Amino acid sequence: MAKPEDALVKTTSVDQLPKIKKRKESRLNYIKRNYILYLFLAPAVVSVFIFNYIPMYGVLIAFQNFSVMRGIWGSDWVGLAHFTSFLTSPNFFQIFLNTIKLSSYELIIGFPVPVLLALMLNQVRRAGIKKNIQLVIYAPYFISTVVIAGMLFMFLSPAGPINSLLGLFMDRPISFMSEPDYFRTIFIASGIWQGAGFASIVYVAALSNTDPQLHDAATIDGASLLQRIWHIDIQVLKPVMAVLFILAIGGIMGVGFEKAYLLQTDRNLPASEIIDTYVYKRGLLAGDWSFGAAVGLFNTIIGLILLVTANQVVKRLKGETLY
Amino acid sequence: MSKLKSNQLLNSSKTDKLILFINKVFLSLIVVIVTVPLLYVLLGSFLQPHILLTRGISFDPAHWTLDGYIRIFQDGTIMRGFFNSIIYATGFTLVGITFTILAGYSLSVDELVGKKFFVIFFLFAMFFNGGMIPTYLVVRSLGLLNTPWAIILPGAVGVWNLILARTYFKAIPNELKEAARIDGASDFMIFWKIILPLAKPIIFVLALFAFIGQWNAYFQAMIYLDDRSLYPLQLVLREILIQNEVQPGMIADQLARAEMQRIAEMIKYSSIVIASLPLLIMYPFFQKYFEKGVMVGSLK
C-alpha cells in the first residue's frame, strides 16, 4: 500500500522540485543581476515611506490624547472621543457646510469654463493670434497664491480701485474682505481668473487632435457651426472631461486650503472657515495634535468616499474610469 | 430645390459668421480681464498707487518713482527671501526629480521582480495620506524643523510625477536596450547613455513644474520654519501683503504718517512685481513644454 504512494511522491517531486528551485533561483538571480534597478528605487521608496507611510501610522494619534513626551505607545487611548467632540461641536455644521459649499460651487461654476475657453479658442483660425491669446490667458497660473490674495486685498479694499469704480453708482464703499457674503464669490472668481486659462490646455490639445475631415464632412452635409461644435467638438472632449471631473470630485475635501487661509479675516470667518484651516488652527497653532489629526482624518475619509463614488457613477454612465 | 439648399447654406453661414464675430469679441474681453489687473500692479509699482487711483495713468514724470524698489533693495528682507526661495526651489527640484526619474525607470522595466508590490506601494500613497498633523510630527521628530530640509524633502517625490515618468520610459522601445546589452553595455551604462538622453523632455517638464510649484508655495514654510532668516519669498510677501507688516527697516526714517502709508502701499506693488516677474518673463519660452507636460499627464 505504501509503495505506490511513495512512487507517486517521488515522481511528482522529481518532476516539480527542480522547476520550483529553478524559478526561485532565477528570481534571486534576477535581483542580483539587476540590483541597480533596486538601487534606483530605493531613494523614492524610502522617502515615500518616511513622509507618506509613517504619517499614516501617525494617524493613530487621532484616537489618543497624544503627548509628544510619551509618544504613540505611551499616550492614552480615547477611542472616537475626538471625532464625537468635533461632530457635536457647535461650529461643526458650519465648517463642514463651508467646505462642501466652497468646493462644490467652485466645481460647478469653474469646471465648464476651461471647456468653453477651449471651444472658443478652437474657432480662432489664425495660429499666431491663437498662440498669443493662449500666452496671455495662461499667465495668471504662474502667479503665487500669496500674490493673488494680496492683489485681492489691495483691489477690494474700501479705498481700492474696485470700490472707486463702484463709487460711481454707490455712495458707500463695500469692505469685501470682511463680508462673509462675498467670500465664496471672491474665492471662486479669482480661482477662475487664475486657473481657467491654464486648465484649458488639455481641452485645446484634445481638440487640435481632432480629424479635420470630420468637420469638412459635416459642413458638406449642411451642419452649422453650433451643430458641429455640439456633435463633434463636445464629443471629443467628453472622455477628458470625465476623467478630470472624477479627479476634481476626489479633491473636493482638499479644496484650496492655501488660498482660503490667506483670504480669511476675522470677520469673514463664518463663510471662510473650512475643515483644513480649522485643522491647522486647532492642531498646529493651538497644539491640539490629536483633535487636529482626527478632524484631518475625517476629511480624508470623506474625500476618498467621494472619489470612489464619483468613479463608480461615471463608470456606470460612460465607461470611463480613473483606475 | 438646389436653390433652396444653397440659400440654407448661405443662411447658416451667416449665423456662423455672427457666432464667430461674437466669439472674437468675447475672447478679446477675456484677454482684457486677464491683463488689466496685472498691468495695474505693474504701473502701481512705478506710479504712486493713489495717483493711479485718482488720476489714472499719469505722464507727469513727477508722479513716477522707483521708491518702492529702492526701499526693497535697501532693506534686504525681500532679497533674502528671494535668495532662500531659489535655494529651496532648486533643492526641491533636484532631489525630487532625481528620485522620481530613477524610480520611474525601474518601474518601467516589465520583468522587474516585485514590480506589482512597488506600484501598489506608491499608488496607495497617492490616495491615502496621514494628513497635516501626523506629517508635521514626523518632520518634527526627524529634527527637520527650522532647516531647509523641511521644505526640500517632504513631498519631493510626487507619485503622480512618478507615474508620468514611468509611462514615458515605457514608451522607449526595448530593442534599444537589448542592442546595447549585446554590445556589452552594463545596466547603468544603458540608463546613463541611452535612456537618460531620450528622457530629456520629461525631465525638463517635471523639473519646470516642480520648480514653479515650490517657488510659489508658502504653506510648508509657514508650518515648518520659525526662523525669519530662513523665510522664502512667499512668506515675506505674506507678511507685507496680507498681514500688512511692512518691515521697519523699509520705512523707519522719520516720515510723516501719510508718507509712510504711501510708501508701504508702493512696496506692496513693487514686491509683487519682483516676486512674479521672473516666472512671467521666463514662461513664454517654456510655453510649449507646459502644453507637453499637461498632455503627458492627462492622456494616458
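All values reported here derive from a predicted model rather than from experimental measurement.

A. Structural context of the overall build of chain A. Scanning chain A for helices and strands turns up 16 helices and two strands. Here chain A holds 323 residues, and 49% of them are scored as buried. For chain A, restricting intrachain contacts to residue pairs at least 6 apart in sequence, the fraction spanning at least 24 positions comes to 63%. When the accessible surface of chain A is split by element, carbon and sulfur atoms take 66% of a total near 16,800 Å².

B. Just the confidence of the model for chain B, in detail. Per-residue confidence for chain B gives a mean pLDDT of 85; residues scoring 70 or more make up 89%. pLDDT under 50 marks residues 1–8 of chain B. Its contacts with residues more than four places away, or in other chains, come to zero contacts.

C. Layout of the nonpolar core. Counting 182 residues, the largest nonpolar core has Y280(A), L112(B) and F122(B) as its most contacted members. Ranked by the residues each element gives to this core, the list is headed by helix α10 (residues 180–208) of chain A, at 13 residues. The residue makeup of this core includes at least three contributed by each of domain 1 (2–63) and domain 2 (67–298) of chain B. For Y280(A), the residues in contact, after removing those within four places along its chain, are F257(A), Y261(A), L285(A), M132(B), F219(B), M222(B) and I223(B).

D. Representation of the interface of chain B and chain A in the model. The partner chain A presents 88 residues to the 83 residues of chain B that form the contact. Buried area between chain B and chain A, summed over both chains or domains, comes out near 8,000 Å², and the portion from carbon and sulfur atoms is 80%. The interface formed by chain B and chain A includes zero salt bridges. The tally of links between chain B and chain A comes to twelve residue pairs in polar contact (both at pLDDT 80 or more). With 16 residues, the single largest contributor to the side of chain B that touches chain A is helix α1 (residues 2–46) of chain B.

E. Examining the UniProt feature "transmembrane region" (unreviewed entry) in chain A more closely. Residue and element names in this part refer to chain A. Under the UniProt annotation, the feature "transmembrane region" (unreviewed entry) is placed at residues 35–54, 107–124, 136–162, 182–206, 236–257 and 289–308. Taken end to end, residues 35–54 comprises 100% helix and 0% strand; its first and last C-alpha atoms sit 26 Å apart. Between the first and last C-alpha atoms of residues 182–206 the distance is 36 Å; the span itself is 100% helix and 0% strand.

F. A look at the UniProt feature "transmembrane region" (unreviewed entry) in chain B. Residues and elements named next belong to chain B. The UniProt entry lists residues 21–43, 86–105, 117–137, 149–169, 190–212 and 266–286 under the feature "transmembrane region" (unreviewed entry), expressed in the numbering used here. Between the C-alpha atoms that bound residues 86–105 the distance is 28 Å, and the span itself is 100% helix and 0% strand. Secondary structure content for residues 117–137 is 81% helix and 0% strand, and the end C-alpha separation is 27 Å.

G. Examining the environment of Q234(B) more closely. Mapped onto the fold, Q234(B) is located in helix α13 (residues 233–241). Looking at Q234(B), the relative accessible area reads 1%, which means it is buried. Along the sequence, Q234(B) and Q214(B) sit 20 residues apart, while their C-alpha atoms lie 9.9 Å from each other. Setting aside anything within four residues of it in sequence, one finds Q234(B) in contact with S144(A), V146(A), S85(B), W215(B), N216(B), A217(B) and Y218(B).

H. Geometry of the confidence of the model for chain A. All names here are of chain A. Per-residue confidence for chain A gives a mean pLDDT of 86, with 90% of residues at or over 70. No element of chain A has a lower mean pLDDT than helix α1 (residues 2–33), which averages 56, and none a higher one than helix α6 (residues 112–122), which averages 96. Contacts from residues 1–19, a stretch scored under 50 in pLDDT, to residues over four places away or in other chains number two contacts.

I. Main features of α6(A). Counting buried positions along α6(A) gives eight out of eleven residues, so the element sits mostly inside the fold. When we look at burial in α6(A), the residues that qualify are P114(A), V115(A), L117(A), A118(A), L119(A), M120(A), L121(A) and N122(A).

J. Focus on the packing of aromatic side chains. Tallying each qualifying case throughout the model produces 46 aromatic pairs over all chains. Centroid distance F49(A) to Y53(A): 6.3 Å. Interplanar angle 15 degrees. Geometry classified as stacked. Here F49(A) and its partner Y53(A) are both found in helix α2 (residues 35–58), four residues apart, which amounts to about one turn of the helix. The class of Y53(A) is buried, set by a relative accessible area of 18%. Members of the aromatic cluster, joined through ring pairs, are Y38(A), F49(A), Y53(A), F117(B), F118(B), F121(B), F122(B), F124(B) and F128(B). Over the aromatic face of F291(A) sits the side chain of R282(A), whose NZ or CZ is 4.2 Å from the ring centroid.

K. Representation of the pattern of salt bridges in the model. Taken as a whole and assessed by the stated rule, the structure comprises seven salt bridges over all chains. A salt bridge links E273(A) to K281(A), with the nearest nitrogen and oxygen atoms 3.1 Å apart. On the basis of relative accessibility, which here comes to 23%, the residue K281(A) falls in the partly exposed class. One continuous salt-bridge network, built from bridges that share partners, spans E178(B), R181(B) and D187(B).

L. Local environment of the packing of helix α8 (residues 145–156) of chain A against α10(A). Residue and element names in this part refer to chain A. The geometry of α8 relative to α10 is characterised by a closest axis approach of 11 Å and an angle of 120 degrees between their N-to-C directions. Taken together, α8 and α10 sit at an angle that is classed as oblique. As α8 packs across α10, the resulting crossing turns out to be right-handed. Each of I148, M151, L152 and L156 in α8 lies in contact with α10, whose residues at this interface are I186, S190, W193 and Q194.

M. Highlighting a nonpolar patch on the surface. Side chains of L18(B), F21(B), I22(B), V25(B), F26(B), L29(B) and I33(B) sit close together on the surface and give an oily, nonpolar patch of about 670 Å² of accessible area. Within the fold, L18(B) resides in helix α1.

N. Looking closely at unusual backbone geometry. One non-glycine residue with positive phi stands out, namely N146(B), at about 65 degrees. Within the secondary structure, N146(B) sits in the loop between α6 (132–141) and α7 (149–152).

O. Quick look at the side chain of S276(B). By the element assignment, S276(B) lies in helix α14 (residues 257–298). Filtering out sequence-adjacent residues up to four positions away, S276(B) remains in contact with I143(A) and V147(A).

P. Structural view of the packing of α10(A) against helix α12 (residues 225–250) of chain A. Residues and elements named next belong to chain A. With their axes 9 Å apart at the nearest point, α10 and α12 run at an angle of 140 degrees to one another. At the point where α10 passes α12, the crossing takes the right-handed sense. Note on element contacts: α12 touches α10 through D233, V236, L237, V240, M241 and L244, opposite V202, Y203, A206 and L207. Looking at the contact of α10 with α12 residue by residue, the class counts come to nine nonpolar, no polar and one charged.

Rules of the game
- Residues numbered from 1 in each chain as written.
- Chains lettered and ligands numbered in written order.
- Predicted model: local features only at pLDDT ≥ 70, side-chain atom pairs only at ≥ 80, totals over all residues.
- Heavy atoms only, no water.
- Helix = DSSP H or I, 4+ residues; strand = E, 2+ residues; numbered from the N terminus.
- Buried < 20%, exposed > 50% of the residue type's maximum accessible area, 1.4 Å probe, protein only.
- Contact = heavy atoms within 4.5 Å.
- Areas by Shrake-Rupley, 256 points an atom, 1.4 Å probe, with all protein chains shown as cover.
- pLDDT = per-residue confidence, 0-100.
- Core = buried A, V, L, I, M, F, W, Y, C linked by side-chain atoms within 4.5 Å.
- Domains from an automatic or database assignment.
- Buried area = accessible area lost by both parts, 1.4 Å probe.
- Salt bridge = Lys/Arg side-chain N within 4 Å of Asp/Glu carboxyl O.
- Polar contact = N/O pair within 3.5 Å; in protein donor to acceptor, adjacent residues only side chain to side chain.
- UniProt positions renumbered as here; feature names shortened; annotations may be inferred.
- Phe/Tyr/Trp six-rings, centres within 6.5 Å; stacked < 30°, edge-to-face > 60°.
- Lys NZ or Arg CZ within 6 Å of the ring centre and 35° of its normal.
- Axes fitted to C-alpha atoms, helices over the stretch in contact; angles between N-to-C directions.
- Parallel < 35°, antiparallel > 145°, perpendicular 65-115°, else oblique.
- Left-handed = near helix turned anticlockwise from the far one by under 90°.
- Patch = residues over 30% accessible without salt bridge, like charges linked within 9 Å, V, L, I, M, F, W, Y side chains within 5 Å.
- Nonpolar A, V, L, I, M, F, W, Y, C, P; charged D, E, K, R; others polar.

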